[in-house]
Amino acid sequence: MTIGYLFRRLLSILLVLVIVTFAVFAITAVLPGNAAIMILGEYATPDAVAALEKQLHLDLPWYMQYLSWVSGVIHGDFGMSLRLSLPVSDVVGEAFVNSAVLAGTALVLVTIIAIPLGAIAAVSRGKVMDLLLAVFSYMGSALPEFVTATLLLVVFAAPKTGVFPAGGFTAPWVSIPDFLAHVVLPAVTLGLVLMAHISRQVRSEMSEVLSSDFIRAARLKGLNEKRVIWRHALPNSLAPAVAVISLDIGYLLGGIIVVEEIFAWPGLGRLLIYALENRDLPVIQAVTLLLATVYALSNFLSDVIIAILDPRVRYA
Amino acid sequence: MPKSFLAPNALVGVFLLLFTLAIAIAGPWLAPYNPQAFDALNRLQGPSMTHLLGTDQFGRDLLSRILNGAPTTVLFGVFATLLGVSIGAVIGVVAGVAGGWVDNAIMRILDGLLAVPELLFTLLIVTVLGGGMGQAMLAVAVAFAPGMARISRSAVLSVRTRDYVRAAVARGESGIYIVVREVLPNALGPIIVESTIRVSFAIMIGATLGFLGLGAQPPSTEWGLMVAEARQFMFRNPWCVAIPGMFIAMSALGFNLFGDALRDSLDPRRSH
């Protein structure tokens, strides 16, 4: 991987984000319901509406609105939330941290569960464990988040017998046990689809690796089976899993919207639904742009990780 | 019948798909009760001989509601995908056939649109269009279009330089003839595979929109909406949420497995 390649990739990410800002702006510009009327209520006098429109720059043509918004974004100023009367960057920043904590926990959970699970299935190919994993992974990828979340709530958060709280949030830097209790159900919900995809990917890649020459060589050398599987076969099966994880980040970012709404997790997803319901345009724009940026960057990062894990991959 | 359709997961897929399509087409006529009929004495019942899948918070028969909601839920996914594939295929074929700067410009725009997670994209469009079944369908279709355009384009590119296409060009056939008669039929395989798998996503997104109150509206018996309405009572009768949830999963799984089997039959190397 060359510096030139990295540079070109970053440039293309930038281009993608410019297009995203344009698309988001186009969509929000045609949203019904004038923001000024939304804020002032339907009985506002026309004069008051006109004054506020001027203040919000709604009287300018759309491309001027776009340019002023973009120049604000470049300077880190996303405007004021129409509903919360707070700077968007504050609101979104706090929600972003909360979402990142949730998504991060889900990713850690997925990695420590899905990769060994896939490896075990590959080793016991055609046996009961393998079949169980196949059923689990197919079910996992066919259950929408809202169904998984609801079922988990029924089982683990019933009013009297529940093990976990049904919703809410405590920051890990406030109380770790409290945070863990709140994060388990949403993180498992978010992670289920990813676990399904990744364990299947690891399984199929690893069964291929297990039948390759260097594994046979390792066995012939007399290495014990455990070492062959965990130290030789598994590390060589991980590159495709990383590719799947990065594709799934998009899925994760979509899932976060539903999961946060159900579990009352104060992150970007819940903020977005609130903003959509209240036509809070600056917040909608900022959240969308942020999610797209995270997605684009994670794709880029995964290409880099794959190149490191698998030296045969060369980007020029 | 190709061998790959005899693999166990393909058989399960075919079975689930046929079952799903059957209830999506004939469901409302098979329902034993009126799906909207209240029965105050039998509220929130578990499965029994009179109500095979139990009843909801108003004593309405869950089996009848599921069967009535099947067309709404499943056909939503099918038609949203068809619409999305059509839009995407047109864009992809134009890009693939035109090449040059047209192709470049289209691809850059698609890259930008693909950077927005699908559900987020759908939510934005639904907010613009307003809630409701038709709007939700259009939103899912638009959100699917960029991905489908990309796949159609690469399918077109892979056949564009084949000899039979060159022969048609040499014969002096018109551009439209070449695209419709030579390129499209040969590029169709990957597009069909991808669309089949996408139907399962469309069903799940549609149900999610229904659940969030942005898709089907009451008194519809769309399955996602059924889960949303029963949520308040889920601790008293878990069947109310579990049964529509299982039906959503079953129909999504059917399309998913069938799509995988189709892919394997088109490209035996990829089967594992």
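Residues numbered from 1 in each chain as written. Chains lettered and ligands numbered in written order. Predicted model: local features only at pLDDT ≥ 70, side-chain atom pairs only at ≥ 80, totals over all residues. Heavy atoms only, no water.

Further remarks concern the confidence of the model for chain A. On average, residues of chain A score 81 in pLDDT, and 94% of them reach the 70 mark or higher. In the model of chain A, helix H2 (residues 35-40) of chain A stands out as the element of lowest mean pLDDT, 68, in contrast to helix H12 (residues 268-277) of chain A, which has the highest, 89. (pLDDT = per-residue confidence, 0-100. Helix = DSSP H or I, 4+ residues; strand = E, 2+ residues; numbered from the N terminus.)

Our focus in this paragraph is the pattern of salt bridges. Going through the model one piece at a time under the given rule, you end up with eleven salt bridges over all chains. Measuring nitrogen to oxygen at the nearest pair gives 3.7 Å for the salt bridge that ties A:Arg200 to B:Asp260. With A:Arg200 in helix H8 (residues 176-210) and B:Asp260 in helix H9 (residues 239-266), this residue pair bridges two chains. Residue classification places A:Arg200 among the partly exposed positions, given a relative accessible area of 29%. A salt bridge links B:Asp111 to B:Arg108, with the shortest nitrogen-to-oxygen separation between them at 3.2 Å. You can see B:Asp111 and its partner B:Arg108 sitting in helix H3 (residues 100-114), three residues apart, about one turn around the helix. Residue class for B:Arg108 comes out partly exposed when judged on its relative accessible area of 35%. Taken together, the shared-partner salt bridges in this structure form one network comprising B:Arg108, B:Asp111 and B:Arg150. (Salt bridge = Lys/Arg side-chain N within 4 Å of Asp/Glu carboxyl O. Buried < 20%, exposed > 50% of the residue type's maximum accessible area, 1.4 Å probe, protein only.)

Chain B puts 41 residues into the contact, and the matching count from chain A is 44 residues. The tally of links between chain B and chain A comes to one salt bridge. Inspection of the chain B/chain A interface yields zero residue pairs in polar contact (both at pLDDT 80 or more). The leading source of residues in the side of chain B that touches chain A is H9(B), at eleven residues. Class assignment for the residues of the side of chain B that touches chain A results in 29 nonpolar, eight polar and four charged. (Contact = heavy atoms within 4.5 Å. Polar contact = N/O pair within 3.5 Å; in protein donor to acceptor, adjacent residues only side chain to side chain. Nonpolar A, V, L, I, M, F, W, Y, C, P; charged D, E, K, R; others polar.)

With that settled, the discussion passes to the environment of A:Phe96. Residue and element names in this part refer to chain A. Structurally, Phe96 can be placed in helix H5 (residues 88-123). Residue classification places Phe96 among the partly exposed positions, given a relative accessible area of 34%. In this structure, the C-alpha to C-alpha distance between Phe96 and Ile273, residues 177 residues apart in sequence, is 14 Å. What Phe96 contacts, discounting residues up to four positions off in sequence, is Leu268, Leu290 and Val294.

Residues and elements named next belong to chain A. Structurally, Trp265 is set in the loop between helix H11 (238-262) and H12. Accessibility expressed as a relative area gives 0% for Trp265, which makes it buried. A sequence separation of 95 residues divides Trp265 from Thr170, and the C-alpha atoms of the two residues are 9.2 Å apart. If sequence neighbours within four positions are ignored, Trp265 has contacts with Asn98, Ser99, Leu102, Gly168, Phe169, Phe179, His182, Val183, Pro186, Glu260 and Arg270.

Bringing the side chain of B:Thr208 into the picture now. Summarising the element assignment, B:Thr208 is placed in helix H7 (residues 175-212). On the basis of relative accessible area, B:Thr208 is assigned to the buried category, the value being 5%. Not counting residues within four places of it along the chain, the set of residues in contact with B:Thr208 comprises A:Pro144, A:Phe146, A:Val258 and B:Leu119.

Moving on: the domain arrangement of chain A. Residue and element names in this part refer to chain A. What the domain assignment lists for chain A is domain 1 (3-74) and domain 2 (88-309). Each side of the interface is counted separately: domain 1 has 16 residues, and domain 2 has 15 residues. Summed over both partners, the interface of domain 1 with domain 2 comes to about 1400 Å²; 79% of that surface belongs to carbon and sulfur atoms. The interface formed by domain 1 and domain 2 includes zero salt bridges. Run the count over domain 1 and domain 2 and you get zero residue pairs in polar contact (both at pLDDT 80 or more). For the side of domain 1 that touches domain 2, the elements supplying multiple residues, two or more each, are helix H1 (3-29) and helix H4 (62-74). Among the elements that take part in the side of domain 1 that touches domain 2, H1 stands out by supplying eleven residues, more than any other. Here the residues of the side of domain 1 that touches domain 2 are counted per class, giving 13 nonpolar, two polar and one charged. (Domains from an automatic or database assignment. Buried area = accessible area lost by both parts, 1.4 Å probe.)

Right, let's get into unusual backbone geometry. Going from B:Pro218 to B:Pro219, the amide bond is cis rather than trans, its omega being 5°. For B:Pro219, the location among the structural elements is in the loop between H7 and helix H8 (223-230).

A separate point is the nonpolar core. In this structure, A:Phe146, A:Ile198 and B:Trp223 are the most contacted members of the largest nonpolar core, which totals 138 residues. Considering each element in turn, this core owes the most residues, 13 residues, to H5(A). Aside from chain neighbours lying at most four places away, what touches B:Trp223 is B:Ile23, B:Ile66, B:Gly69, B:Ala70, B:Thr73, B:Val74, B:Pro244, B:Phe247, B:Ile248 and B:Ser251. One finds B:Val93, B:Ala155, B:Val159 and B:Val165 within the second-largest nonpolar core, a separate group that totals ten residues. (Core = buried A, V, L, I, M, F, W, Y, C linked by side-chain atoms within 4.5 Å.)

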